[in-house]
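This is what each chain is made of:
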Amino acid sequence: MSLSKDRLEKIEEFEKNIGYTFNDKALIDVALTHSSFTNEARGNIKSNERLEFLGDTILDMVVSEYLFKHYTQKPEGWLTRTRSRIVCTDSFAKASEKFALTKYLRFGMGEKKQGGKLKKHVKADTFEATCAAIYLDSSYDDLCKFLYKNYKDEVLEIINDDSLFLDYKTRLQEYYNAKNKKNLTYELIKEEGPEHDKTFTMEVRLNGKALAEGIGKNKKTAEQMAAKLAYERIKNV
């Protein structure tokens, strides 16, 4: 499907904004298409959900490699905790805000009216999809160059300040590991809403006993919210 003149102009504005020109304009067009748009549009239009999936995996690898190469004296536990604070919804949402990525996202009318471009998980998903598109359009090395050029300072800030984007799942696990109670699990309790705007409720359990529930727009966020509530409860006892 060929892109309209207006859509091409929007994509060119986006490319100028992020400092990268795509060889395959259709690829970034997909990355900038929310599932709510495809649900309302006619025809075979793809959303960015598959690119989000790929982007999440690639970004995990990029961050893992960076930490491994630049922090050679740090133990595995530190590397894991630090990566989890970088590769998370809060961090990726902030990364998305740097170039106002959701400004260029195509939404369905319902999601647009609900302020979709302001939602944290939508911002994070758009960043993941954009990174996946750059990777597919060029190479892993070119994506790394793009990220190092634009986000190195932000990543170093997260690394140097462990209060930013706390990983409550890790903190909760460490608390119980210190007490030799290691059987923390997360279970899906409820899944509500339309396909393009679901809400998940996850429950964190210790040896089968419920500790807390968390709600989020994806399972990862819901798990973090459950862990945060459980962790705050035990620290206040």
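Residues numbered from 1 in each chain as written. Predicted model: local features only at pLDDT ≥ 70, side-chain atom pairs only at ≥ 80, totals over all residues. Heavy atoms only, no water.

Asks: Looking at this structure, I do not really get the pattern of salt bridges. What am I missing?
Replies: It is possible for side chains bearing opposite charge to pair when their charged atoms get close. Under the defined criterion, the tally for this structure stands at 17 salt bridges. Close ionic contact of Lys-98 with Glu-154 constitutes a salt bridge, the shortest N to O distance being 3.1 Å. With Lys-98 in helix 6 (residues 89-98) and Glu-154 in helix 9 (residues 140-160), the pair connects residues that are 56 residues apart, well separated along the chain. A single salt-bridge network, built from bridges that share partners, covers Arg-7, Asp-29 and Arg-106. (Salt bridge = Lys/Arg side-chain N within 4 Å of Asp/Glu carboxyl O. Helix = DSSP H or I, 4+ residues; strand = E, 2+ residues; numbered from the N terminus.)

Asks: Where do I start with the UniProt feature "active site" (unreviewed entry) in the protein in this structure?
Replies: The UniProt entry lists Asp-56 and Glu-128 under the feature "active site" (unreviewed entry), expressed in the numbering used here. Spanning 73 residues, the named residues form one tight spatial group whose C-alpha atoms are at most 5.7 Å apart. Among the residues just listed, Asp-56 and Glu-128 line the largest pocket. Mapped onto the secondary structure, Asp-56 falls in helix 4 (residues 49-70). Once you skip the residues sitting within four places of it in the chain, Asp-56 turns out to touch Val-87, Phe-92, Glu-128 and Lys-220. (UniProt positions renumbered as here; feature names shortened; annotations may be inferred. 1 Å grid on protein atoms, 1.4 Å probe; cavity = no way out; pocket = protein on both sides within 12 Å on 5 of 7 lines; lining within 4 Å. Contact = heavy atoms within 4.5 Å.)

Asks: Quick question: what am I supposed to make of the layout of surface pockets here?
Replies: To find leftover empty space, one rolls a probe the size of a water molecule over the atoms. Roughly 1400 Å³ of volume is contained in the largest pocket. Within the residue set of the lining of the largest pocket, elements represented by two or more residues are helix 4, helix 5 (76-86), helix 6, helix 8 (120-137), helix 10 (168-177) and helix 11 (219-235). Taken together, 22 residues make up the lining of the second largest pocket; nearest its centre are Ser-91, Tyr-151, Glu-154, Val-155 and Ile-158. Counting residues per element, the ones that place at least two in the lining of the second largest pocket are helix 4, helix 6 and helix 9. (Points joined across faces, edges and corners; volume = space filled by probe spheres on them.)

Asks: Can you help me understand the pairing of strand 1 (residues 184-192) in this one?
Replies: Here is the key point about a regular strand: its side chains alternate between the two faces of the sheet. Pairing geometry for strand 1 and strand 2 (residues 199-206), over eight bridges, is antiparallel. In the strand pairing of strand 2, Glu-187 is matched with Glu-203. Count of turn residues in the strand 1/strand 2 antiparallel hairpin: six residues, of which Gly-193 carries a positive phi of about 95 degrees. (Pairing = 2+ DSSP bridges.)

Asks: Hey, could you run me through helix 10 in this one?
Replies: An α-helical turn contains 3.6 residues, so a residue and the one three or four places further along point in the same direction. If you check which residues of helix 10 are buried, you get Tyr-168, Thr-170, Leu-172 and Tyr-176. On its buried face, helix 10 is in contact with helix 5, strand 1, strand 2, strand 3 (209-216) and helix 11. (Buried < 20%, exposed > 50% of the residue type's maximum accessible area, 1.4 Å probe, protein only.)

Asks: What am I meant to see in the packing of helix 6 against helix 9 here?
Replies: The description of two helices packed together rests on the angle between their axes and the distance between the axes. Interhelical geometry of helix 6 versus helix 9 gives an angle of 145 degrees and a closest axis separation of 11 Å. Helix-helix and strand crossings are classified by hand; for helix 6 and helix 9 the assignment is right-handed. Contact residues: Ser-91, Ala-95 and Lys-98 in helix 6; Asn-150, Tyr-151, Glu-154 and Ile-158 in helix 9. Grouping the constituent residues of the contact of helix 6 with helix 9 by class yields three nonpolar, two polar and two charged. (Axes fitted to C-alpha atoms, helices over the stretch in contact; angles between N-to-C directions. Left-handed = near helix turned anticlockwise from the far one by under 90°. Nonpolar A, V, L, I, M, F, W, Y, C, P; charged D, E, K, R; others polar.)

Asks: It is not clear to me how helix 4 should be interpreted in this structure. Could you clarify?
Replies: With 22 residues, helix 4 should reach 32 Å at 1.5 Å per residue; the first-to-last C-alpha distance of 32 Å fits that figure. Every buried residue of helix 4 is listed here: Leu-51, Glu-52, Gly-55, Asp-56, Ile-58, Leu-59, Val-62, Val-63, Ser-64, Tyr-66 and Leu-67. Looking at the buried positions of helix 4, the neighbouring elements they touch are helix 2 (25-31), helix 5, helix 6, helix 8, helix 9 and helix 11. (Expected span 1.5 Å × (residues − 1).)

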